[in-house]
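Overview (structure and organization)
These are the residues of each chain, in order.
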Amino acid sequence: MSLINTSLDKGIATLTFNHPETRNSLSNALLNELIEKLQLFEKHKARAVVIRAEKGVKVWSSGFDIGELPVPGRDPLSYNDPLEQALRQIQLFPAPVIAMIEGSVWGGACDLSFICDIAIGCPTASFAITPAKIGVPYNSTGILHFINVVGPRITREMFFTAQPIDAERAMQLGILNHLVPADELEAFTYAMAKQITENSPLAIAVIKEQLRLLGNSHPLSPETFERIQGLRRKAYDSADYLEGTQAFLEKRKPVFKGH
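Now for a look at the structure at hand. Predicted model only: the values in this text are computed from it and were never measured.

Here's the deal with the pairing of strand β1 (residues 4-9)
Examined bridge by bridge, β1 and strand β2 (residues 12-17) share six bridges and lie antiparallel to one another. Paired with D9 across the strands is I12, a residue of β2. Connecting β1 to the next strand, β2, in antiparallel fashion are two residues, including K10 with a positive phi near 55°.

Topic: the packing of aromatic side chains
Tallied over the full model, the rule gives five aromatic pairs. When the centroid spacing of 5.1 Å and the interplanar angle of 70° are considered together, the rings of F17 and W60 count as edge-to-face. Separated by 43 residues along the polypeptide, F17 in strand β2 and W60 in strand β4 (residues 59-61) bring together distant segments of the chain. For F17, a relative accessible area of 1% corresponds to the buried category.

Details of unusual backbone geometry
Unusually for a residue other than glycine, K10 sits at a positive phi of about 55°. Its location among the elements puts K10 in the loop between β1 and β2.

Let's talk about the packing of helix α2 (residues 82-92) against helix α8 (residues 201-215)
Following both chains from N to C, one finds α2 and α8 inclined at 130°, their axes separated by 9 Å at the closest point. Between α2 and α8, the angle is such that the two are oblique. Listed contacts from α8 to I90, Q91 and L92 of α2 are K208, E209 and R212. Residue composition of the contact of α2 with α8, by class: two nonpolar, one polar and three charged.

What counts and what doesn't
Residues numbered from 1 in each chain as written. Predicted model: local features only at pLDDT ≥ 70, side-chain atom pairs only at ≥ 80, totals over all residues. Heavy atoms only, no water. Pairing = 2+ DSSP bridges. Helix = DSSP H or I, 4+ residues; strand = E, 2+ residues; numbered from the N terminus. Phe/Tyr/Trp six-rings, centres within 6.5 Å; stacked < 30°, edge-to-face > 60°. Buried < 20%, exposed > 50% of the residue type's maximum accessible area, 1.4 Å probe, protein only. Axes fitted to C-alpha atoms, helices over the stretch in contact; angles between N-to-C directions. Parallel < 35°, antiparallel > 145°, perpendicular 65-115°, else oblique. Contact = heavy atoms within 4.5 Å. Nonpolar A, V, L, I, M, F, W, Y, C, P; charged D, E, K, R; others polar.

Right under this line is the structure:
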């Protein structure tokens, strides 16, 4: 069974998460399928892409599949892991990618929605980044995605509390470009996608790449990079990391001890 349903109509590509059993968790299988289908739509010269869940869902995506996190001692979010590859594929896709959000968005799926070029949601949408609940040290590029969208203060709040931000506040903070009633979400999103397809695809591709490069225009020094990696290694080598993932799988509250 395909974990993502797809269609291409008049230059608008649609990728619909289709794994309700896991609330559309970002398993390696789903992420690899997302990468493959984005690559296929690039070959077909799609002029806009909509990433969505099935209509009426309560959870857009439950985030990274915790059962696939590596054992302590290995970076859970390294450069070549499927989630990181999928995020880069969205960033590098030459046409705008729109996240159509109905339902709650958790963990790594929050990052995925933030990396999309445009986000349109309805009142059931909410966003929570939850690595602190399971002891996972999030990576620097992911944190930068949040800083670029909501700034450092809201990024701190989201990561430190791991609490959801509702649709209305998400609109105020710039997480959402538009907040529309649920029964208008699909029509509104595809009307915008249609507007995009009527503009110059070359100009849009160049502007999108300019925005990406400008957003990454402040590189870290080698010393700073190594310092960050050392801090992250301390976390994913810890007993807390093991406790957090184990507690999640056992459906209990974790007992963190700070080591």
